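# A structural walkthrough
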Amino acid sequence: MAFNIYDFTTLTHNIHVGLAESFSPFVATTIEWVIVGVVYLLFIAVFGLFLVYAERKVCAAFQQRLGPMRVGPWGLLQTIADFIKLLMKELIMPRKADYFLYNLAPYLVIIASFLAISVLPFAPGLQSMDFDIGVFYLTAVSSVGVIGILLAGWSSNNKYSLIGAMRSGAQILSYELSVSLSLMTMVVFAGTMQFSAIVEGQRDAWFIFSGHVPAIIAFVVFLVAGTAETNRGPFDLAEAESELVAGFHTEYSGIKFAMFFLAEYINLFIISAVAATVFLGGWMPLHFGNLESFNHVMDFIPPFIWFFGKVLFVIFIIMWFKWTFPRLRVDQILTLEWKYLLPINLVNILLMALVVLTKFHF
Amino acid sequence: MSEIKEVIINNDRLATDEYLVNMGPQHPSTHGVLRLLVKLEGEKVLNVQPHSGYIHSGIEKMCEAISYPQIIHLTDRMDYLSAHMNNEAVALCVEKALQVEVPDRVKYIRTIMDELSRLASHQLWWCVFGMDLGALTTFFYGLRDRELILDIFEETCGARMTVSYNTPGGLMADIHPNFQKRVKDYLKYFKTKLPEYDKLLSGNVILKERTEGIGYLTKEDAIEYGVTGPSGRASGFSCDVRKHVPYSAYPFVKFNEILDHRCDTYARYEVRIKEMYESISIIEQLIDNIPAGDYAVKMKGVLKLPEGEFYQRVESARGEFGVFIVSDGKKNPYRLKFRSPGFSNLFALNKMATGHKIADLVAIMSTLDLIIPDIDR
């Protein structure tokens, strides 16, 4: 089993062959499922904790303070301590809450995030499902989460939760359109919905460079709509702290609250990862046409570092505008989508089609 | 079931979409224990009914049992962000009743402290306003600057919030030798930081969208409800006590009364930002010219006000603050009434917020700059 940091295809292939040789196909597949599941769970838990830490540090930097510093060196263990605290907290349920739906909601939210993460290519060979309709699948499963949010708001028997959930429902359903349409713009350009093929298509130049104007418009629209879909500031109406206490998760405590919290950060990761994959080349290193030596140096950096570098860059941008902008109002948020982003998107998709037809791209 | 059927048959409107929400007494946006009974239709606010009294501490009644110099210490606890102005109102009222003329030095120092308090109060208001709109970064910018003012207070009179620096006849103590230098340094520093406030929040598109045309309060309504201070001036109601009934050192300085005729939330925002610039200019005019002399007039050990009624008003950071003392010649007042700006301002909320969204209600409430102990006393 040769371990190659640049390409995990052989590694995953060898594991598969090894399992298939020693077990029956059914058992082998089951074991593979378990391995993949555990790896994703670990990854999400660790990366989610890291993102919480990163968010606190980034926001501290914007607010001229240090952020967590006490627990561990530079406060590195702070989020772990917080998470342990959340695990040990008592689960409190409102008396008149709908028992079944109330308990179901956090799982729905987190399942949607898990489903979405499975199609993302982290590095060559590090992708658990490679559909030919990957983009379509991703937009489909990522909208399941809103059901969880609506259920949480409805079943909590709290008016703030209900208002928050309704806001969130209206917001996510609207912004879904923009997310899908801006992804569709890039699908028109790439000519495929398969994530691995989309990444492969960016070998010579990332789509944001080769698709020039329409790609940049689509990128900006995707960032705005993606932020809205993850319920993050300045679109955090659903949990608007100063208006609705904590919105749809007001009545949740302990581990169930932690699930909502974690789902928010996983969604942040997913949106950034999709932006990085579709617009910024995924794990593909930065290549410039015929600069041979430059391209060679770039190739030297392992693909998964490229991928996470790009993802963290996008996450930083999203955090940046969370900590600088005031929150929008509910009618303004819908106006922004239906009156501005959607028409821009429709025109943009046409523009992209024209670009592709006239071959006016790099 | 039959009721619903009846309603449907008679084609009446089902009253299912109006509901009541209790905002407070524990709610992140009410900055204390204020309870608002909000009637909502979806997101739309139909009616706001403020219920106060959750932090009522009976200050006015307590004042009847204690002597005048002691009353000053209770006024700190009302509007804790304009503690100095509240102190001064009582001190001025007692001085007026006893016909004591305080030295110019006292007047100058009082005015400087007034304006420093106003700056600190407006800074905190700015932080909290941003936070209510969801821009959390403002909070730390404002507090960073306010902290330095509190340091100056601490050095001058030993306390950061409840200063109790005034006393009938003057001040508790003279200013610290560093006072002038520190204030000047601070102004120099803050003049570079105040434009940052504008950069971070004032010009922001989202802020303008959120605030312009929202929470309209006409001049007539402002006068009817008695909305004073920056909130009243944003409705074009010229109500600056410093200008109309000058006290302390305000007659000696040149400053503008900031008026705005747009009457909306953004106007109230801008009036306060501009007032900070005015406060800086007032302090700058006074700080180098503090006359030498005593920091207090020698007063009797036990102050007895002559029989009669006395009223003194000052401009606190939230509006007109008044002290009404009825004396029967004893060492404590027969009856004492505070006219607190927050109380009048709060009850204009219903007028302003009706018809807007929940988010606007929070923004409007924030621009009124409510301090709950000031309302409940």
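Residues numbered from 1 in each chain as written. Chains lettered and ligands numbered in written order. Predicted model: local features only at pLDDT ≥ 70, side-chain atom pairs only at ≥ 80, totals over all residues.

The next subject is the overall build of chain A. Helix and strand content of chain A: 15 helices and zero strands. Radius of gyration (C-alpha) of chain A: 21 Å, near the 21 Å computed for a compact globule of 362 residues. On the principal axes, the C-alpha backbone points of chain A span a range of 65 × 55 × 45 Å. When each of the 362 residues of chain A is scored for burial, the buried share is 44%. In chain A, once contacts between residues fewer than 6 apart in sequence are set aside, the share between residues at least 24 apart is 78%. (Helix = DSSP H or I, 4+ residues; strand = E, 2+ residues; numbered from the N terminus. Rg over C-alpha atoms; globule rule 2.2 N^0.38 Å. Buried ≥ 20, exposed ≤ 12 C-beta atoms within 10 Å, placed from the backbone. Contact = placed C-beta atoms within 7 Å.)

The next thing to look at is unusual backbone geometry. Residues and elements named next belong to chain A. One non-glycine residue, Gln64, lies in positive phi territory at about 60°. Mapped onto the fold, Gln64 is located in the loop between α2 (25-62) and α3 (78-88). Even without glycine at this site, Asn231 takes up a positive phi of about 60°. Within the secondary structure, Asn231 is located in the loop between α10 (212-229) and α11 (241-244). Take Asn231: there are 27 C-beta atoms within 10 Å of it, and that puts it in the buried class.

Time to look at helix α7 (residues 179-202) of chain B. All names here are of chain B. Within α7, the axis deviates most sharply at Lys191, by approximately 30°, and proline Pro195 lies no more than four positions further along. Listing the buried residues of α7 in full gives Val183, Phe190, Tyr197 and Leu201. Turning to α7, the residues buried within the fold contact α5 (104-133), α6 (137-157), α8 (205-211) and α12 (265-287). (Bend = angle between axes of the 7 residues up to and from the residue.)

So, on to the confidence of the model for chain B. Atomic detail in the predicted coordinates should be set aside for any region of low pLDDT. On average, residues of chain B score 86 in pLDDT, and 95% of them reach the 70 mark or higher. Scored by ipTM, the complex comes to 0.78, with pTM at 0.84. (pLDDT = per-residue confidence, 0-100.)

What follows is about the nonpolar core. Core analysis: the biggest nonpolar cluster contains 198 residues, and A:Val109, A:Met186, A:Ala275, A:Phe279, B:Leu349, B:Leu361 and B:Ile364 have the highest contact counts within it. Considering each element in turn, this core owes the most residues, 16 residues, to helix α12 (residues 254-278) of chain A. If we ignore the near neighbours within four places in the chain, the residues touching A:Met186 are A:Phe207, A:Ala215, A:Ala218, A:Val278 and A:Phe279. (Core = buried A, V, L, I, M, F, W, Y, C linked by C-beta atoms within 7 Å.)

To continue, consider the interface of chain A and chain B. Across the boundary between the two partners, chain A contributes 24 residues, which contact 26 residues of chain B. Broken down by secondary-structure element, the contributors of at least two residues to the side of chain A that touches chain B are α7 (159-190), α11 and α15 (330-358) of chain A. Grouping the amino acids of the side of chain A that touches chain B by side-chain chemistry returns 10 nonpolar, six polar and eight charged. (Nonpolar A, V, L, I, M, F, W, Y, C, P; charged D, E, K, R; others polar.)

Attention shifts here to the sheet that holds strand β2 (residues 35-41) of chain B. Residue and element names in this part refer to chain B. Pairing within the open sheet is antiparallel, and its three strands lie in the order β1-β2-β3. The open sheet has two free edges, formed respectively by β1 (18-23) and β3 (44-51), since each of these has just one partner strand. Across the sheet, the mean angle from the axis of one strand to that of its neighbour is 20°, orientation sign disregarded. As judged from the seven bridges shared by β2 and β3, these two strands associate in the antiparallel manner. In the strand pairing of β3, Glu41 is matched with Lys44. (Pairing = 2+ DSSP bridges. Axes fitted to C-alpha atoms, helices over the stretch in contact; angles between N-to-C directions.)

All names here are of chain B. With 16 residues, helix α4 (residues 83-98) extends 23 Å between its outermost C-alpha atoms, agreeing within 8% with the 22 Å of an ideal straight helix rising 1.5 Å per residue. Where burial is concerned, most of α4 is hidden: 14 out of the 16 residues are buried. Positive phi shows up at Gln99, right after α4, with a value of about 55°. (Expected span 1.5 Å × (residues − 1).)

This paragraph deals with the packing of α12(B) against helix α15 (residues 358-367) of chain B. Packed helices, taken two at a time, are described by the angle their axes make and the gap between the axes. Residue and element names in this part refer to chain B. Running from N to C, α12 and α15 point in directions that differ by 30°, and their axes come no closer than 9 Å. What the angle tells us is that α12 and α15 run roughly parallel. Crossing hand, α12 versus α15: left-handed. Across the interface between the two elements, Thr265, Arg268 and Tyr269 of α12 pack against Ala363, Ile364 and Thr367 of α15. Per-class residue counts for the contact of α12 with α15 are three nonpolar, two polar and one charged. (Parallel < 35°, antiparallel > 145°, perpendicular 65-115°, else oblique. Left-handed = near helix turned anticlockwise from the far one by under 90°.)

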